[in-house]
Amino acid sequence: MSSAPDRPSAPQRLAVDYIHAPTPHALLGLQETLAVFGFGALAPMTSAIDDPRYLRVPLSPLREAAAPFEVWRAAGPVATGRDGAVRYSHDGTLMFGAVEWEEPAGGILQASAHAYAAIAAFWRQSGYPHLLRIWNYFDAITDGDGDAERYRQFCVGRVQGLGEVDTRVLPAATAIGSRDGRRVLQVYWLAAREPGLPLENPRQVSAYRYPREYGPQSPTFARALLPPSPRVPLLLSGTASIVGHASQHADSLRAQLDETLTNLDSLLGAAREHAPSLPAHMDASSRLKVYVSDAGDAEAVAAQLEARLGTRVPWLMLHADVCRRELLVEIEGMHGVTG
């Protein structure tokens, strides 16, 4: 793919919804659908759906047997394609892309390096050179000790694949551990023709400035990103109970969840300094994913979320491991645009 073909320019737009449906086929039948994600064992495998826009995420839903599909809708008609390991779709202003990379003998470090080299080569010549948001899922994220821990190895490989990293233009991101036993790195992303504005949390040290105690290569992401269009939601990175660079409340799920929500509120405040029209608090325009490491905590997390956020905030709860063993919950999301 030398570059994405020119398409009639439409106003940049991204609408995200959680929709229950028996299959993804009707959702993929809409010409404005940019991507559809299934979750858990009851969702069709990626290989079973012959459409580059569909991706099954290897995380099981909590509190319901069958999760809704997550649907991204763009402004105009969407074109699709494949380029080597990359599957993609775009509408002239936004691009979805995805890669699934089996771990070689060298493990997650080599898988990350190879996957990100392929991703970087693709997006830099795709016509959509500005990464807004990236998701990373792989099994057993905290296995291994010290610098041999799989998350630390992933961070090293990611930068090896990317090459030179400019911390002024980092995307928002998530890295979460699946529990499916498959050694496959799944990466998907949202990119644009125009850059967004990376944001940091005033309560936290920027991840790319973490001290050496967290590994030989600091994580490379921004805490949030404000897209170039007001019709694309604020993109919130995976957020947990971290203040400064240290994990908080290792012995308390309730306190960790409170701290996480406080961090998200802080990010909304940082974003509103640049976009005052954004809602000041999570509301019906928000879309959250809640990652919980112990399935037995699901009901307690749900009750606390409803007490803190009310019942108007749509969220999807998934069984997953956070990238630090002591952290029990992580929340990511989008905020500020509906329909």
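Residues numbered from 1 in each chain as written. Predicted model: local features only at pLDDT ≥ 70, side-chain atom pairs only at ≥ 80, totals over all residues. Heavy atoms only, no water.

### Overview of the sheet that holds strand β2 (residues 33-39)
Sheet strands associate in pairs through backbone hydrogen bonding, adopting either a parallel or an antiparallel arrangement.
Consideration 1: The four strands lie next to each other as β1-β5-β2-β3, forming an open sheet whose pairing is mixed. Two strands bound the open sheet, and with one partner strand each, they are β1 (15-19) and β3 (54-57). Between one strand axis and the next, the sheet turns by 20° as a mean value, whatever way the strands run.
Consideration 2: With five bridges joining them, β1 and strand β5 (residues 69-73) adopt antiparallel strand pairing. Across the sheet, residue V16 finds its bridge partner in β5, namely W72. (Pairing = 2+ DSSP bridges. Helix = DSSP H or I, 4+ residues; strand = E, 2+ residues; numbered from the N terminus. Axes fitted to C-alpha atoms, helices over the stretch in contact; angles between N-to-C directions.)

### A word on the confidence of the model for the protein chain
Consideration 1: On average, residues of the protein chain score 95 in pLDDT, and 96% of them reach the 70 mark or higher.
Consideration 2: Ignoring residues within four places in sequence, the model shows residues 1-8, a span with pLDDT below 50, making 25 contacts including any to other chains. (pLDDT = per-residue confidence, 0-100. Contact = heavy atoms within 4.5 Å.)

### Focus: the pairing of strand β11 (residues 184-192)
Consideration 1: Burial runs high along β11: nine of the nine residues are buried.
Consideration 2: Of the two faces of β11, the one holding V184, Q186, Y188, L190 and A192 and the one holding L185, V187, W189 and A191 are both buried throughout.
Consideration 3: With nine bridges connecting them, strand β8 (residues 94-102) and β11 associate as antiparallel partners. The residue bridging L94 from the neighbouring strand is A192, located in β11.
Consideration 4: As paired strands, strand β9 (residues 130-139) and β11 are joined by seven bridges and run antiparallel to one another. Among the inter-strand pairings, I134 is bridged to a residue of β11, identified as W189. (Buried < 20%, exposed > 50% of the residue type's maximum accessible area, 1.4 Å probe, protein only.)

### Looking at the packing of aromatic side chains
Consideration 1: The final tally for this structure, using the stated rule, is 16 aromatic pairs.
Consideration 2: Among the aromatic residues, ring-to-ring pairing joins F37, W72, F96, W135, Y137, Y188 and Y291 into one connected group.
Consideration 3: Above the face of the W135 ring, R133 is positioned so that its terminal group lies 4.3 Å from the ring centre.
Consideration 4: One residue, R193, lies across the ring of Y128, its end atom 4.2 Å from the ring centre. (Phe/Tyr/Trp six-rings, centres within 6.5 Å; stacked < 30°, edge-to-face > 60°. Lys NZ or Arg CZ within 6 Å of the ring centre and 35° of its normal.)

### What about helix α5 (residues 298-309)?
Consideration 1: For α5, which comprises twelve residues, the first-to-last C-alpha distance of 16 Å matches the rise-based estimate of 16 Å (1.5 Å per residue) to within 8%.
Consideration 2: Of all the positions in α5, only A298, V301, A302, Q304, L305 and L309 are classed as buried. Looking straight down α5, one finds its buried side chains confined to an arc of 170°; they lie on one side.
Consideration 3: Packed against the buried residues of α5 are α4 (253-272), β17 (287-292), β18 (315-319) and β19 (329-335).
Consideration 4: One or two positions beyond α5, positive phi appears at G310, with a value near 85°. (Expected span 1.5 Å × (residues − 1). Arc of directions from axis to C-beta.)

### Side note on the pattern of salt bridges
Consideration 1: Counted according to the given criterion, the structure contains 20 salt bridges.
Consideration 2: Between R63 and E299 there is a salt bridge, with the nearest N and O atoms lying 3.2 Å from each other. On the criterion of sequence distance, the pair formed by R63 in the loop between β4 (60-61) and β5 and E299 in helix α5 is long-range, its members being 236 residues apart.
Consideration 3: Residue class for R63 comes out partly exposed when judged on its relative accessible area of 45%.
Consideration 4: In this structure, the salt-bridge partner of R168 is D166, at a minimum N-O distance of 2.9 Å.
Consideration 5: On the basis of relative accessibility, which here comes to 66%, the residue R168 falls in the exposed class.
Consideration 6: Each of E70, R133, K289 and E332 takes part in one network of salt bridges that share partners. (Salt bridge = Lys/Arg side-chain N within 4 Å of Asp/Glu carboxyl O.)

### Some thoughts on empty space enclosed by the protein
Consideration 1: Overall, the coordinates contain one cavity of 30 Å³ or more when judged by the stated rule.
Consideration 2: There is about 60 Å³ of room inside the largest cavity.
Consideration 3: Together, V16, Y18, E70, R133, W135, L236, R287, L288, K289, E332, G333 and M334 line the largest cavity.
Consideration 4: Taken together, the elements giving at least two residues each to the lining of the largest cavity come down to β1, β9, β17 and β19.
Consideration 5: When grouped by side-chain class, the residues that make up the lining of the largest cavity number six nonpolar, one polar and five charged. (1 Å grid on protein atoms, 1.4 Å probe; cavity = no way out; pocket = protein on both sides within 12 Å on 5 of 7 lines; lining within 4 Å. Points joined across faces, edges and corners; volume = space filled by probe spheres on them. Nonpolar A, V, L, I, M, F, W, Y, C, P; charged D, E, K, R; others polar.)

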